[in-house]
Amino acid sequence: MLHIQELLGGATESRCAGRIVERLTVTSDEATKRRLRRTTDGGTDVAVDLPRGSFLAHGAVLHEDAARIIVIERTPERALVIRFDPAAPAAALLRSALLIGHAFGNQHTPLEIRDDAVVVPLTTSESVARTTVDMLSLDTVEVSIEEARVACATPLTAGHGHGSPADPAGPHVHE
Amino acid sequence: MADAVRIGIGGPVGSGKTRLIECLLPLMVEAGLRAAVITNDLVTLEDAERVRRSGLIDPELVVGVETGACPHTAIREDPSANLDRAERLEREHGPLDVILIESGGDNLAATFTADLVDYWMYVIDTAAGDDIPRKRGLGVIQADLLIVNKIDLAQYVGADLDRMRSDVAEVRPARPSLFTNLADGESAAAVFGELQHAVLFDRREGR
């Protein structure tokens, strides 16, 4: 068992070049876990044991030695992708964004907000997820179902973000 | 271990969550692990009282949370009451190896936030309906460990256990599940074995 107690930066850093890469795949809902026991694609038994509030970003390095590095890989997940039409008027886009945020917020659905799209990993059937958007009758967005890597750099935006590392206000401190 | 490992237990009313705690506590004592328990109930402290009276644990290491609302809100949307109890237990009674956090009985969509627990189990009752796994509730799908409990009752209620096993394999292709009868010792040992492997990392006294 390889005991991991700290993250060692990103796999794109030059010191990692040329080494054998072993991958440990985790889904978006597992990426906020600080303790995880998994086997890499190279067969290494890994126990992740990090401080509270750690985040397993796509590409995060868990271990390195002379020959290899062990890297977190985000599993592609089936997701509802809502793309905003860049040619639509700003007021219409704002209204669409508010309605979409309200609808998924009411469901406490974790999702990812990108510059031009909202990506919602499916926790329901495709038709139920589509209905949430269809009911809003928006002509400023395009909806599709895709395999997407989400929460690569930061956790998904959840209902409240209490103590979440993604919370811009910082972790909630309990006295 | 600097911080206690926090393990959540969720599942519908009457599925065996408190029973699971009663089964795990002696195994944790045997492994030399110091455990505390937080139970969540709607408007009473029934489960906390039950665990305190069990004789399996120092009653001071058991605290209750009265959620007063949908139990899932206290383990996901706003876990502050549970976080407060967990931090207080560690401060006043630490060091602890494990804190078991039992949710109040809830619906199939209940999940735990990673802000509160490091790992969580979801317990369902075979006798409550053999169609539960294939309903794809978020709790059933996302739990680190699914426990299909009371399999001994399948024969009395006409539950199709083989169908349940294949449904579970389909909705949880990459996550472990156990079929248990917590009235026997073997099932509890299997659950504890999985916890030791997956989240406690085979921790024993003095390590």
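Residues numbered from 1 in each chain as written. Chains lettered and ligands numbered in written order. Predicted model: local features only at pLDDT ≥ 70, side-chain atom pairs only at ≥ 80, totals over all residues. Heavy atoms only, no water.

On to the overall build of chain A. Of regular secondary structure, chain A possesses 2 helices and 10 strands. Moving toward the C terminus, one meets the helices and strands of chain A in the order β-β-β-β-β-β-β-α-β-β-α-β. Counting over 175 residues, chain A shows a buried share of 41%. For chain A, contacts bridging at least 24 residues in sequence account for 67% of all contacts bridging at least 6. Of the roughly 9,100 Å² that chain A leaves accessible, carbon and sulfur atoms contribute 54%. (Helix = DSSP H or I, 4+ residues; strand = E, 2+ residues; numbered from the N terminus. Buried < 20%, exposed > 50% of the residue type's maximum accessible area, 1.4 Å probe, protein only. Contact = heavy atoms within 4.5 Å. Areas by Shrake-Rupley, 256 points an atom, 1.4 Å probe, with all protein chains shown as cover.)

Each pair of aromatic rings is reported with the distance of its centres and the angle of its planes. All names here are of chain B. Counted according to the given criterion, the structure contains 1 aromatic pair over all chains. Between Phe112 and Trp120 the ring centres are 5.7 Å apart and the planes differ by 45°, which places this aromatic pair in the tilted class. One exposure class covers both Phe112 and Trp120, and it is buried. Over the ring of Phe179 we find Arg165; its NZ or CZ atom is 4.4 Å from the centre of that ring. (Phe/Tyr/Trp six-rings, centres within 6.5 Å; stacked < 30°, edge-to-face > 60°. Lys NZ or Arg CZ within 6 Å of the ring centre and 35° of its normal.)

Let us now look at the pattern of salt bridges. Residue and element names in this part refer to chain A. Scanning the model with the defined rule gives 31 salt bridges over all chains in all. A salt bridge links Glu147 to Arg78; the shortest N-O distance between them is 3.0 Å. In this pair, Glu147 is assigned in strand β10 (residues 141-148) and Arg78 in strand β7 (residues 77-84), connecting sequence segments 69 residues apart. Under the relative-accessibility criterion, Arg78 is labelled partly exposed at 40%. Here the salt bridges do not stand alone but share partners, grouping Arg23, Asp41, Glu73 and Arg149 into one network. (Salt bridge = Lys/Arg side-chain N within 4 Å of Asp/Glu carboxyl O.)

In this section: the sheet that holds strand β3 (residues 62-66) of chain B. Sheet strands associate in pairs through backbone hydrogen bonding, adopting either a parallel or an antiparallel arrangement. All names here are of chain B. Read across the open sheet, the 7 strands follow the order β3-β2-β4-β1-β5-β6-β7; overall the sheet is parallel. Two strands lie at the open edges of the sheet, namely β3 and β7 (177-179), each paired on one side alone. Each strand axis lies, on average, 20° off the axis of its neighbour in the sheet, ignoring direction. Strand direction decides the pairing type here: strand β1 (residues 5-10) and strand β4 (residues 98-102), joined by 5 bridges, are parallel. Across the sheet, the residue bridging to Ile9 is Glu102, located in β4. Along the sheet face, helix α2 (residues 46-53) touches β2 (35-41), β3 and β4 and points at about 150° away from the line of β2. Contacting β1, β4, β5 (119-125), β6 (145-149) and β7, helix α7 (residues 185-200) runs over the sheet at an angle of about 155° to β5. (Pairing = 2+ DSSP bridges. Axes fitted to C-alpha atoms, helices over the stretch in contact; angles between N-to-C directions.)

This part is about the nonpolar core. Core analysis: the biggest nonpolar cluster contains 63 residues, and B:Ile7, B:Leu20, B:Ile99, B:Met121, B:Leu195 and B:Leu200 have the highest contact counts within it. Ignoring sequence-local partners within four residues, the contact set of B:Leu200 consists of A:Arg35, B:Val5, B:Ile7, B:Leu33, B:Val98, B:Phe192 and B:Leu195. Counting residues in hydrophobic clusters, the runner-up holds 23 residues, among them A:Val26, A:Leu50, A:Leu56 and A:Ala151. (Core = buried A, V, L, I, M, F, W, Y, C linked by side-chain atoms within 4.5 Å.)

Here the focus is the domain arrangement of chain A. Segmentation of chain A into domains returns domain 1 (2-74) and domain 2 (77-148). The straight-line distance from the C-alpha centre of domain 1 of chain A to that of domain 2 of chain A is 31 Å. (Domains from an automatic or database assignment.)

Before going further, it helps to spend a moment on the sheet that holds β10(A). All names here are of chain A. The 4 strands lie next to each other as β8-β9-β7-β10, forming an open sheet whose pairing is antiparallel. Looking at strand neighbours, the two that pair on one side only are β8 (112-113) and β10, the edges of this open sheet. In this sheet, β10 lies alongside β7 in antiparallel orientation, the contact comprising 8 bridges. By the bridge assignment, Leu80 is partnered in β10 with Ile145. Relative to β7, helix α1 (residues 90-106) is tilted by about 150°, and along the sheet it contacts β7, β9 (117-121) and β10. In this fold helix α2 (residues 126-134) packs onto β7 and β10, with an angle of close to 150° to the strand it touches most, β10.

Residue and element names in this part refer to chain B. In terms of burial, β5 is a largely internal element, 7 of the 7 residues being buried. Examined bridge by bridge, β1 and β5 share 4 bridges and lie parallel to one another. Note that in β5 the partner of Gly8 across the bridge is Trp120. Bridge count between β5 and β6: 5 bridges; the pairing is parallel. Residue Ile124 lies in a different strand from β6, and its bridge partner there is Val148.

Contacts between chain B and chain A engage 28 residues on the former and 22 residues on the latter. Taken together, both faces of the contact between chain B and chain A bury some 2,100 Å²; the carbon and sulfur share is 46%. A per-residue breakdown of the area chain B buries against chain A is headed by B:Glu77, B:Asp118 and B:Phe201, which together make up 30% of the total. Linking chain B with chain A are 7 salt bridges, by the criterion used here. Salt-bridge contacts for B:Asp118 lead to A:Arg52; the nearest nitrogen and oxygen are separated by 3.0 Å. (Buried area = accessible area lost by both parts, 1.4 Å probe.)

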